[in-house]
Amino acid sequence: MDYGDKEDFFMEFGADYGYPNGPKSIDEIRATEFKRLENGSVYLDHAGATLYSELQMEAIFKDLTTNVYGNPHSQSDFSTTTCDIVREARQQVLDYCNASPEDYKCIFTSGATAALKLIGETFPWSQQSCFMYTMENHNSVLGIREYALSHGAAAFAIDIEETVDHDGLSRSPETSMNVSLHPVQRRNEPEFAEIEPAGNAYSLFAFPSECNFSGSRFTLDLVNVMKKNRARILENSPSSQGHWMVLVDAAKGSVTQPPDLSKYPADFVVMSFYKIFGYPTGLGALIIRNDVAKLLKKTYFSGGTVAASIADIDFVKRRQGVEELFEDGTASFLSIASIHHGFNLINSLTVSAICRHTTSLAIYVRKMLLGLRHDNGASICKIYGRLSSKVSSHESGPIVTFNLKRPDGSWFGYREVEKLASLSGIQLRTGCFCNPGACAKYLGLSHLDLLSNIEGGHVCWDDNDIIRGKPTGAVRISFGYMSTYEDAKKFIDFVKSSFVLLPNKTANGNLLIASSIPLSKEG
Ligand SMILES: *Cc1c(COP(=O)(O)O)cnc(C)c1O
């Protein structure tokens, strides 16, 4: 199908696109809540940060200008108002992940990263522990490795390929898994390995519910496999011993598919609210199992987490509750008061409708990009992701990550794509998106490539987008609940007019622009 126009698009995606059964259509949402985009900007970096609605902000403004919120640690009536709103907000976060308050607590943090750091800092590491993580992980998860290694624990990166059967009925718990383990060099070989049996050690497995590089979704069955049937992943490796805890990085995945903790009882889930509804920034949550919270070892004490301490002797009595033990200082209570306006909005559309809406746009763009050809028949686009061959799969989130090629197969640098996009009013993201494992895996960069690129001076944010003929990163577009067909269409039109090279395309404006950019080498 050509999708030349919106009618063709609706033929395929009409049931999923635009909230057909919702309280407002997508066009009404854009016209009433995102008036600031009417100048023609095309915002396609929702995996970086999604946009807040103007009505959501009005509701927050009204809330903060009518209520008086005092410091939750004071004893005033206004402090009670704050405590009530914070309690409700915790419940709303737990509800979002279908987490029973009997089993889970919600700890507010300054973001997903701060939640991950808290886990790394307090996890009961020992020399028999193991930190295992999927290759596709955010740097903020990889950073936990520093705590593991410095306690003498082992670390492994793991590549898990689910083998999908051909009728497309994958994702049953019986889906077979191909696993390869990449051990990371230990810092200190365990000295007392024989003394402490591995059976008592605590180990941690971390994976993202959706990869922020490729949009690939990881099955949450991994939680149950690690709890009940680890041999499927670890076989008879000695690390399969001991107690394994599972951490789901849901910072990206929770936007369209929050983990259902009643079915997949992960020990830790982290998220950031600006990824879900744009505002507030600087607020996230760690959802943690109650029984696991008891095992964590917190070192720091502070205002907020201390019941009593004495200034000049080594004495401290900590507070008992999970939230009271882990939330140092005064919580960001005005931000916490703001989140229910965000959740109200998401719940009114429903997260499943948001998932269908955004996924339909991603599938459309993938199909269109894969269909584009240069005049010589060469394809213009390479899309990254586990399932890039199955373009219509719903196993990917609303992200499309790719690089563009010239007719001779050489690559257009991602910085060049980014600069031209910005001249067309299109905001997207390029590079490795803080996900070096996914980047190396999809771009086929060996350790040698990576190290020599770094040695050559390449760092995350620079203009070295192609080194020795290979891309060092990619272009990512990502959709949010308020993205439209028109946004996607403008993006496709931009790629066509700027990068598809036709033989008679010589004196065209795009080429003039392109030739003013030093990185560009027209083929
Ligand atoms: C954004 C993101 C993070 C980091 O979140 P912060 O809000 O920056 O702390 C971690 N993991 C994934 C998968 C993300 O998308």
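Preceding this section is the structure that the text describes.
Residues numbered from 1 in each chain as written. Predicted model: local features only at pLDDT ≥ 70, side-chain atom pairs only at ≥ 80, totals over all residues. Heavy atoms only, no water.

Caption draft 1: Molecular detail of the overall build of the protein chain. For the protein chain, the count of helices and strands is 19 helices and 18 strands. Within the protein chain, buried positions represent 53% of all 523 residues. In the protein chain, once contacts between residues fewer than 6 apart in sequence are set aside, the share between residues at least 24 apart is 71%. Summed over its atoms, the accessible surface of the protein chain is roughly 22,900 Å², and 54% of this surface lies on carbon and sulfur atoms. (Helix = DSSP H or I, 4+ residues; strand = E, 2+ residues; numbered from the N terminus. Buried < 20%, exposed > 50% of the residue type's maximum accessible area, 1.4 Å probe, protein only. Contact = heavy atoms within 4.5 Å. Areas by Shrake-Rupley, 256 points an atom, 1.4 Å probe, with all protein chains shown as cover.)

Caption draft 2: The arrangement of the pattern of salt bridges in detail. Throughout the structure, instances matching the rule amount to 25 salt bridges. Ionic pairing is found between Asp463 and Lys419, a salt bridge with its closest N-O pair at 3.9 Å. Of this pair, Asp463 sits in the loop between helix H17 (447-455) and strand E16 (466-467) while Lys419 sits in helix H15 (residues 414-423), and the two are 44 residues apart along the sequence. A residue is classified by how much of its surface remains accessible, and Asp463, at 35% relative accessible area, is partly exposed. According to the relative accessible area criterion, Lys419 is partly exposed, its value standing at 29%. (Salt bridge = Lys/Arg side-chain N within 4 Å of Asp/Glu carboxyl O.)

Caption draft 3: The site of the ligand, seen in detail. The environment of the ligand is formed by Ala112, Thr113, His138, Asn212, Asp249, Ala251, Lys252, Ser272, Tyr274 and Lys275. Asp249 places a polar side-chain atom, nitrogen or oxygen, 2.6 Å from a nitrogen atom of the ligand. Considered on its own, the ligand offers 380 Å² of accessible surface; in the complex 87% of this is hidden by protein. Put simply, the parts of the chain that give the shell around the ligand at least two residues each are helix H5 (112-122) and helix H10 (273-277). Of the residues assigned to the shell around the ligand, the class counts are three nonpolar, four polar and three charged. (Near = heavy atom within 4 Å. Polar contact = N/O pair within 3.5 Å; in protein donor to acceptor, adjacent residues only side chain to side chain. Nonpolar A, V, L, I, M, F, W, Y, C, P; charged D, E, K, R; others polar.)

Caption draft 4: Quick look at the pairing of strand E7 (residues 243-249). Across the seven residues of E7, six count as buried, placing the element largely inside the fold. Strand direction decides the pairing type here: strand E6 (residues 202-208) and E7, joined by seven bridges, are parallel. Bridged to Phe207 within E7 is Val248. In this sheet, strand E8 (residues 268-272) lies alongside E7 in parallel orientation, the contact comprising three bridges. In the strand pairing of E8, Asp249 is matched with Val270. (Pairing = 2+ DSSP bridges.)

Caption draft 5: Local environment of the packing of H15 against helix H18 (residues 485-499). Two elements in contact, H15 and H18, have axes separated by 11 Å at closest approach and are oriented at 115°. For the crossing formed where H15 meets H18, the hand is right-handed. Contacts between H15 and H18 involve Val417, Leu420 and Ala421 on the former and, on the latter, Phe494, Ser498 and Phe499. For the contact of H15 with H18, the class distribution of residues is five nonpolar, one polar and no charged. (Axes fitted to C-alpha atoms, helices over the stretch in contact; angles between N-to-C directions. Left-handed = near helix turned anticlockwise from the far one by under 90°.)

Caption draft 6: The state of the cysteines, seen in detail. On inspection of all chains with the given rule, the structure shows one disulfide. Disulfide partner of Cys432: Cys439, at an S-S distance of 1.9 Å. Classification of the bridge connecting Cys432 and Cys439 rests on its S-S torsion, roughly -45°, and on that basis the disulfide is left-handed. A relative accessible area of 23% means that Cys432 is categorised as partly exposed. In this structure Cys439 comes out as buried when scored by relative accessible area, which is 1%. (Disulfide = S-S within 2.5 Å.)

Caption draft 7: Representation of the sheet that holds strand E18 (residues 474-478) within the structure. Across the sheet, which stays open at both edges, the four strands sit in the order E12-E13-E18-E15 with antiparallel pairing between neighbours. Looking along the sheet, the strands with just one partner apiece sit at the ends: strand E12 (381-384) and strand E15 (429-431). The sheet shows a mean angle of 30° between the axes of neighbouring strands, direction not considered. Relative to strand E13 (residues 399-404), E12 runs antiparallel, the two sharing four bridges. Across the sheet, Tyr384 pairs through a bridge with Thr401, a residue of E13. Sitting on the sheet, helix H14 (residues 351-371) is in contact with E12, E13 and E18, with an inclination near 15° to E13.

Caption draft 8: Spotlight on the environment of Pro471. Position of Pro471 relative to the elements: it lies in strand E17 (residues 470-471). As for Pro471 and Phe412, which are separated by 59 residues in sequence, their C-alpha atoms are 8.5 Å apart. Setting aside residues up to four positions removed in sequence, Pro471 forms contacts with Asn403, Trp411, Leu443, Leu445, Asp465 and Ile466.

Caption draft 9: Region of the structure containing the nonpolar core. Counting 110 residues, the largest nonpolar core has Phe273, Leu369 and Phe491 as its most contacted members. The leading source of residues in this core is H14, at nine residues. No fewer than three residues from each of domain 1 (6-33 + 39-48 + 351-516) and domain 2 (77-297 + 334-346) sit in this core. Excluding residues that lie within four positions of it along the chain, Phe491 makes contacts with Leu44, Val365, Leu369, Phe402, Ile426, Leu428 and Ile477. (Core = buried A, V, L, I, M, F, W, Y, C linked by side-chain atoms within 4.5 Å. Domains from an automatic or database assignment.)

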